[in-house]
Amino acid sequence: MGAALIPFARALAAGLIGTALATGVHFMTLTSGVARGLIGSGQGLPQTPGLPLTAGGLALECLIAALPVLPVVALTVFAGRFLMSLGFLATWAWGGARLGTLIAAASGRTLGWGDGFSLVYSSGMFSLIAALTAAFVLWILAPRPL
């Protein structure tokens, strides 16, 4: 690999690490809280009402919600680890709001944008501690592009 491509490859690696961490945090938070009653209940998400929600389907939704982490972390890694961690937390919060809106609609409620995030992630300190731990792990593991 050329010397000019190495920083971009490292930024991509940081984005992939951040995406995996955000997916895991979303999945662990949802399966320990709000989505626990929906998995295996025969109920589906609003975009797939005929398909019951399974753990694999929920993991796919968590991955889709975490995909914006990849470009944000890949771009902010050039600005330093502090901004990279802030970018990770911001896109994690955005993905949590999206998942909260999906789960709220699946359970028959309609919420505003921020209400979905608070529904899913304000049930305890677990999600905040998990997100901060994921940001710290990203801080430690992410390769520096320079």
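Placed above this text is the structure.
Residues numbered from 1 in each chain as written. Predicted model: local features only at pLDDT ≥ 70, side-chain atom pairs only at ≥ 80, totals over all residues. Heavy atoms only, no water.

Caption draft 1: Structural detail: the nonpolar core. Core analysis: the biggest nonpolar cluster contains 17 residues, and V73 and F88 have the highest contact counts within it. Sorting the residues of this core by element identifies α1 (6-32), α3 (69-76), α4 (81-106) and α6 (126-141) as the ones contributing at least two each. Leave out the neighbours within four places in its chain, and V73 touches A14, G15, M84, F88 and L138. Core analysis: the second largest hydrophobic core is formed by eleven residues, A35, L38, L102 and I103 among them. (Core = buried A, V, L, I, M, F, W, Y, C linked by side-chain atoms within 4.5 Å. Buried < 20%, exposed > 50% of the residue type's maximum accessible area, 1.4 Å probe, protein only. Helix = DSSP H or I, 4+ residues; strand = E, 2+ residues; numbered from the N terminus. Contact = heavy atoms within 4.5 Å.)

Caption draft 2: Structural detail: the side chain of T91. Among the secondary structure elements, T91 is positioned in helix α4. The exposure class of T91 is buried, given its relative accessible area of 10%. Of the polar contacts made by the side chain of T91, one reaches the backbone oxygen of F88; its length is 3.1 Å. (Polar contact = N/O pair within 3.5 Å; in protein donor to acceptor, adjacent residues only side chain to side chain.)

Caption draft 3: Broad picture of the packing of α1 against helix α2 (residues 55-66). Closest axis-to-axis distance for the α1/α2 pair is 8 Å, and the angle between their directions is 135 degrees. By the angle between their axes, α1 is oblique relative to α2. The hand of the α1/α2 crossing is right-handed. The residues of α2 that touch α1, namely those facing T19, A22, T23, H26, F27, L30 and T31, are A55, L58, A59, C62, L63, A65 and A66. Among the residues making up the contact of α1 with α2, the classes are represented as ten nonpolar, four polar and no charged. (Axes fitted to C-alpha atoms, helices over the stretch in contact; angles between N-to-C directions. Parallel < 35°, antiparallel > 145°, perpendicular 65-115°, else oblique. Left-handed = near helix turned anticlockwise from the far one by under 90°. Nonpolar A, V, L, I, M, F, W, Y, C, P; charged D, E, K, R; others polar.)

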